[in-house]
Amino acid sequence: MSDIRFGLFPDDDDVVRGLRAIYAAPAGDAYWNELQSRVMARVADVELGWWTELDRWARPALAAAAVLLLSAGVAMFRAHQSEAEIAADAMLSSPAVPVSSAIRPAYQDDQGARLRFLFGR
Amino acid sequence: MRVDTGHVSMTAATIIELPFGMSPAADAKPDERALVVAAQRGSNDAFAQLVRLHQRRAYAVCRAIVLTHEDAEDAVQEGFLHAFKALDRFLPDQPFGAWLYRIMANASLDLVRRRKVRDADELPEGVPMPFRDPGESDELRRRLNEALTKLTDRQRSVIVLHDVEGFTHGEIGEMLGIPEGTARSDLHHARASLRRILGDVRSDL
């Protein structure tokens, strides 16, 4: 195969011709059919592996975990929010004891004790 | 996984007529997008057709990066395997070829790295890996092979991908993970080096 001819000073075309000869892809359909078969055989091997199932479930599992985390976050946030609302409601909307009676009893009790002390019961 | 094929000899005339290593049959592409979608839905037949469509070009990409025909075959198989596993992440609106050849280039670069580690243990430093060239009978061709070993791996890949396979600087940059300007400059330096080395060779003969 002496089909590469360089001039005295090889130019780019000479180099390209030489490179093409060296890097020539195999010829003939038989070779490519065989290569395709080998590729597909390896693909089939991969498909039969147990890790394929794992790989197949990895994405849904990740998505499910993300949804769960998100749901948990939302639930916690809502719980916190409703607790705060209940506390605020309880504080604002329930004057169960009038202010005067809420403060006075202790004072009145003290006063009564003093009077009882002074006047000898 | 290696098989000695014995199919690498090819006349230069054929090579020049079909510079990208593509047979006329490979040009008659069926609807590639439909094949990709079918393969993504689990059709192995569709994936096999995609392999058939792209394997020659994939081989050419790998062959430009690795040193031997056998390594190119290994890289092609690895590349298709990676592509198969990553198929569900491919967006069918993108050009499938560009995506696939990037995977092929990565598989080849991985293989080159692994070979370097292995060869560092097994071979004395500075011994070049021989190119597979069963029909080698021409002195200048042998010298061109030698000249190619004087280039850096990247320069060699760039000049082959550009001058032999016809990829653009941008495509090469994307495949090899380098800026387009670097690919351009590598090509310039590679050509200059080869011209210089071969000029020296010619004057020696």
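Criteria and cut-off values
- Residues numbered from 1 in each chain as written.
- Chains lettered and ligands numbered in written order.
- Predicted model: local features only at pLDDT ≥ 70, side-chain atom pairs only at ≥ 80, totals over all residues.
- Heavy atoms only, no water.
- Helix = DSSP H or I, 4+ residues; strand = E, 2+ residues; numbered from the N terminus.
- Contact = heavy atoms within 4.5 Å.
- Areas by Shrake-Rupley, 256 points an atom, 1.4 Å probe, with all protein chains shown as cover.
- Salt bridge = Lys/Arg side-chain N within 4 Å of Asp/Glu carboxyl O.
- Buried < 20%, exposed > 50% of the residue type's maximum accessible area, 1.4 Å probe, protein only.
- Bend = angle between axes of the 7 residues up to and from the residue.
- Phe/Tyr/Trp six-rings, centres within 6.5 Å; stacked < 30°, edge-to-face > 60°.
- pLDDT = per-residue confidence, 0-100.
- Arc of directions from axis to C-beta.
- Core = buried A, V, L, I, M, F, W, Y, C linked by side-chain atoms within 4.5 Å.
- Axes fitted to C-alpha atoms, helices over the stretch in contact; angles between N-to-C directions.
- Parallel < 35°, antiparallel > 145°, perpendicular 65-115°, else oblique.
- Left-handed = near helix turned anticlockwise from the far one by under 90°.
- Polar contact = N/O pair within 3.5 Å; in protein donor to acceptor, adjacent residues only side chain to side chain.
- Nonpolar A, V, L, I, M, F, W, Y, C, P; charged D, E, K, R; others polar.

As for the overall build of chain B
Line of reasoning, step 1. Along its length, chain B carries 10 helices and zero strands.
Line of reasoning, step 2. Reading chain B from its N terminus to its C terminus gives the helix and strand order α-α-α-α-α-α-α-α-α-α.
Line of reasoning, step 3. Taking as baseline every contact in chain B between residues at least 6 positions apart, the subset at least 24 positions apart corresponds to 69%.
Line of reasoning, step 4. Accessible area of chain B: about 9,800 Å², with a carbon and sulfur share of 52%.

A short note on the pattern of salt bridges
Residue and element names in this part refer to chain B.
Line of reasoning, step 1. Counted by the stated rule, this structure contains 14 salt bridges over all chains.
Line of reasoning, step 2. Asp-71 is the partner of Arg-115 in a salt bridge, and the nearest nitrogen-oxygen pair spans 2.6 Å. Remark: Asp-71 occurs in helix H5 (residues 69–86) and Arg-115 occurs in helix H6 (residues 96–122); sequence separation between them is 44 residues.
Line of reasoning, step 3. Assessed through its relative accessible area of 16%, Arg-115 is described here as buried.
Line of reasoning, step 4. The shortest N-O distance in the salt bridge between Arg-154 and Asp-186 comes to 2.6 Å. Here the residue Arg-154 occupies a position in helix H8 (residues 153–164), and Asp-186 occupies one in helix H10 (residues 180–204), the gap between them amounting to 32 residues.

Re helix H4 (residues 44–65) of chain B
Because each turn of an α-helix spans 3.6 residues, side chains separated by three or four positions end up pointing in the same direction.
Line of reasoning, step 1. By the largest-angle criterion, His-54 of chain B marks the main kink of H4 of chain B, which is about 55°.
Line of reasoning, step 2. With 18 of its 22 residues buried, H4 of chain B lies for the most part within the structure.

Some details on the packing of aromatic side chains
Residue and element names in this part refer to chain B.
Line of reasoning, step 1. Counted under the stated rule, the structure contains eight aromatic pairs over all chains.
Line of reasoning, step 2. Aromatic side chains Phe-47 and Phe-84 sit 5.1 Å apart centroid to centroid with 65° between the ring planes, which places their arrangement in the edge-to-face category. With a gap of 37 residues between them, Phe-47 in helix H4 and Phe-84 in helix H5 connect regions that are remote in the sequence. With respect to class, Phe-47 is no different from Phe-84; both count as buried.
Line of reasoning, step 3. Taken together, a centroid distance of 5.6 Å and an interplanar angle of 40° make the contact between Phe-96 and Trp-99 tilted. Separated by three residues within a single helix, Phe-96 and Trp-99 lie in helix H6, roughly one turn from each other. The two residues Phe-96 and Trp-99 agree in class, both being buried.

Topic: the confidence of the model for chain A
Note that predicted coordinates carrying low pLDDT should not be read in detail.
Residue and element names in this part refer to chain A.
Line of reasoning, step 1. For chain A, the mean per-residue pLDDT works out to 77, and 68% of the residues sit at or above 70.
Line of reasoning, step 2. Mean pLDDT across the secondary structure elements of chain A bottoms out at helix H4 (residues 99–118), with 65, and peaks at helix H2 (residues 29–48), with 89.
Line of reasoning, step 3. Here residues 1–9 is a poorly scored stretch, pLDDT under 50, and it has 27 contacts once near neighbours within four places are set aside; other chains count.

A word on the confidence of the model for chain B
Residue and element names in this part refer to chain B.
Line of reasoning, step 1. Put simply, chain B has an average pLDDT of 78, and 73% of its residues get 70 or more.
Line of reasoning, step 2. Between residues 1–28, whose pLDDT stays under 50, and residues either more than four places distant or in other chains, the model counts 53 contacts.
Line of reasoning, step 3. Across residues 125–137, where pLDDT falls below 50, the model places 27 contacts with residues more than four positions away in sequence or in other chains.

Side note on helix H9 (residues 169–176) of chain B
Residues and elements named next belong to chain B.
Line of reasoning, step 1. Buried within H9 are the following residues: His-169, Ile-172, Gly-173, Met-175 and Leu-176. For H9, the angular spread of the buried residues around the axis is 165°, confining them to a single face.
Line of reasoning, step 2. Gly-177 sits one or two positions beyond H9 and adopts a positive phi of about 70°.

A closer look at the nonpolar core
Line of reasoning, step 1. The biggest cluster of nonpolar side chains holds 67 residues, and the ones touching the most others in it are Phe-47, Val-61 and Phe-80 of chain B.
Line of reasoning, step 2. Here this core takes 12 residues from H4 of chain B, the largest share from any one element.

Quick word on the packing of H8 of chain B against H9 of chain B
Residue and element names in this part refer to chain B.
Line of reasoning, step 1. Viewed as axis vectors pointing N to C, H8 and H9 meet at an angle of 140°, and their least axial separation amounts to 10 Å. Taken together, the axis directions place H8 and H9 in an arrangement best described as oblique. As for the relative orientation of H8 and H9, their crossing is right-handed in sense. Along the contact surface, H8 presents Arg-154, Ser-157, Val-158, Leu-161 and His-162, while H9 presents His-169, Ile-172 and Leu-176.

As for the environment of Asp-110 of chain B
Residues and elements named next belong to chain B.
Line of reasoning, step 1. Structurally, the position occupied by Asp-110 is in helix H6.
Line of reasoning, step 2. Placed 44 residues apart in sequence, Asp-110 and Val-66 show a C-alpha to C-alpha distance of 9.7 Å.
Line of reasoning, step 3. Here Arg-113 takes part through its side chain, which lies 2.8 Å from a polar atom of the side chain of Asp-110.

Details of the packing of H4 of chain B against H5 of chain B
Residues and elements named next belong to chain B.
Line of reasoning, step 1. Direction vectors running N to C along H4 and H5 enclose 140°, while the axes themselves pass 9 Å from each other. On the basis of the axis angle, H4 is oblique to H5. The handedness of the crossing between H4 and H5 comes out as right-handed. Each of Asn-44, Phe-47, Val-51, His-54, Gln-55, Ala-58, Tyr-59, Cys-62 and Arg-63 in H4 lies in contact with H5, whose residues at this interface are His-69, Ala-72, Ala-75, Val-76, Phe-80 and Phe-84.
Line of reasoning, step 2. For the contact of H4 with H5, the class distribution of residues is 10 nonpolar, four polar and one charged.

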